[in-house]
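Okay, here's what each chain looks like letter by letter:
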Amino acid sequence: MIRKRKIFFTGLVLLLFFTFIDSKMAAAEEKDGWKLMYHEDFQDLLSFDDIPWEIDSYGDNSPWHVDYLDDDGEFFQIQGGNDFEKQLESFDLLRKRASFGEEGWLTAEFAVRDYDKDGQPDTEASFTNVSQDSQQAAELATSFDSGLIIRSTEALPSQYRVEYTLKGIDFGGKRDGSFDYDDKHNGYTIDERKSNFPWKRQGDFSGESSHLNTNFGDVTKENGYYFLSIMDYENPAPHNNVFIHNHRKVGMDAYNVSSSWNSGYAVCNPQTGELYSQADEQSSNNAINGIFFAGDTFRDESIGYNSFMFETECGSFYDDDTEYSIISNAEIQPELMPEESYTFAIERTDNSYIMEMSGNFKHVGQQTLRYERDFIEDGRPIWHYNNTSEEYNGEFNSTLTFEGPHGSYSVEQWPEDSAYPDYFLLGIPHINYYEGSAVIDDVKLFVPGQDESE
């Protein structure tokens, strides 16, 4: 009888203990007025091999059609004409999309090239489970001529917080003071010429249909990764690198440049509040570019490239009032991973966007850096902030005219009665730039918490 009582008592203690732990965890997930809606921890097997590759047929009927900056879009038609058509038709672009997670709330979008048109990928885009320190996570990897993003399957709610943990990254930048490491340069393997073929802003599109064609630029001096971004169009997927410059609302990315022009980019030292150039020896060229994209001006009207608005520990900056074209918030330290990790989050409130980054940053150590801008602040709007037409009355609309050797066309950029629901993405949204891998975990979506008295 005594033994039974001991077992009962022990069981009761364990039940109370685990109930306490569960309640603490639940409370932790209801922080700062946000309530957890979805959480992907990658404990289930990721398997996309059974999903067939589909040739992107391009045009208005393609499931991946968006607008004039598409991979076969009018922009490239007027720039390259028949030469561009020849280059584009020299390979098949293969795609697949696959939903996963609870209720399929996440989608992986793959894009690879089939150079010999045999129906099989000739480039890499993979998303698989990995184990780190006995914990399950997921690794995404791409070659320079493919793309892979993880995105929200449906449009995000009008108010939300999305976050995830980055546990490893190898998309260029320096390691131990050098761009050359692990038989790579700036994160790229160096076994062949790697170019932006067949998509570029302007110039000569003629010549052979391959990356050996020097009319297309070498990409290995530029590598990067999209930590987290909010897009302005439905069902985001990888596209050419020109495309994305007209489609981001807010975002945090890496742009790691192993060339002298990185002297035009600065990093904020969060400890001192001072800027230093990415060409400075103290820079590891692993910076986070936290950008609110402007809806009233363009830094390059020829491609509809929005101006930048920066919020940092060194102050607020616009790209037209500083000598630097990019001002980064801080630098991550890839050498510390996976023992240490970084968390990236974006929030949308009823009148603002917030970017948040947490981790062990160069110069300042463990910090949470958090920046907020109203949809319209100091008279300047965040690009396409309105999820519905009721939130906007057309005051920031403009018409851009795009011209090339083979014609021209004009597009209204933000018309009255337009609406732009939010989708998030992380990964590599380019299919002609960036190469490497990243390990991610704990992708979460929060929505406003409900008062229990309601």
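About the criteria used
- Residues numbered from 1 in each chain as written.
- Predicted model: local features only at pLDDT ≥ 70, side-chain atom pairs only at ≥ 80, totals over all residues.
- Heavy atoms only, no water.
- Disulfide = S-S within 2.5 Å.
- Helix = DSSP H or I, 4+ residues; strand = E, 2+ residues; numbered from the N terminus.
- 1 Å grid on protein atoms, 1.4 Å probe; cavity = no way out; pocket = protein on both sides within 12 Å on 5 of 7 lines; lining within 4 Å.
- Points joined across faces, edges and corners; volume = space filled by probe spheres on them.
- Nonpolar A, V, L, I, M, F, W, Y, C, P; charged D, E, K, R; others polar.

(A) Just the state of the cysteines, in detail. The tally for this structure, following the rule as stated, stands at 1 disulfide. Between the sulfur of Cys 268 and that of Cys 314 lies a disulfide, 2.1 Å long from S to S. With the S-S bond torsion at 90°, the cross-link from Cys 268 to Cys 314 turns out right-handed. Placement of Cys 268 in strand S14 (residues 265-269) and of Cys 314 in the loop between strand S17 (305-312) and strand S18 (315-318) is noted, with a sequence separation of 46 residues between them.

(B) Structural view of empty space enclosed by the protein. On inspection of all chains with the given rule, the structure shows 2 cavities of 30 Å³ or more. Empty space within the largest cavity amounts to approximately 60 Å³. Looking at the lining of the largest cavity residue by residue, the class counts come to 2 nonpolar, 4 polar and 5 charged. Lining the second largest cavity we find Ile 169, Phe 171, Gly 172, Phe 227, Ala 254, Asn 256, Asn 286, Ala 287 and Ile 332. Its residues placed into classes, the lining of the second largest cavity shows 6 nonpolar, 3 polar and no charged.

(C) Up close: the layout of surface pockets. There is about 510 Å³ of room inside the largest pocket. Lining the largest pocket are 24 residues, and of these Arg 201, Glu 222, His 245, Tyr 255 and Tyr 305 sit closest to its centre. Secondary-structure elements contributing two or more residues to the lining of the largest pocket are strand S12 (222-231), helix H3 (241-244), strand S13 (248-257), strand S16 (287-300) and S17. At 4 residues, S13 tops the list of elements feeding residues into the lining of the largest pocket. The residue makeup of the lining of the largest pocket, split by class, is 12 nonpolar, 6 polar and 6 charged. One number sums up the size of the second largest pocket: a volume of about 300 Å³. Lining of the second largest pocket is provided by 23 residues; of these, Ser 143, Phe 144, Thr 189, Lys 194 and Glu 435 occupy positions nearest its centre.

These figures come from the coordinates and say nothing about function on their own.
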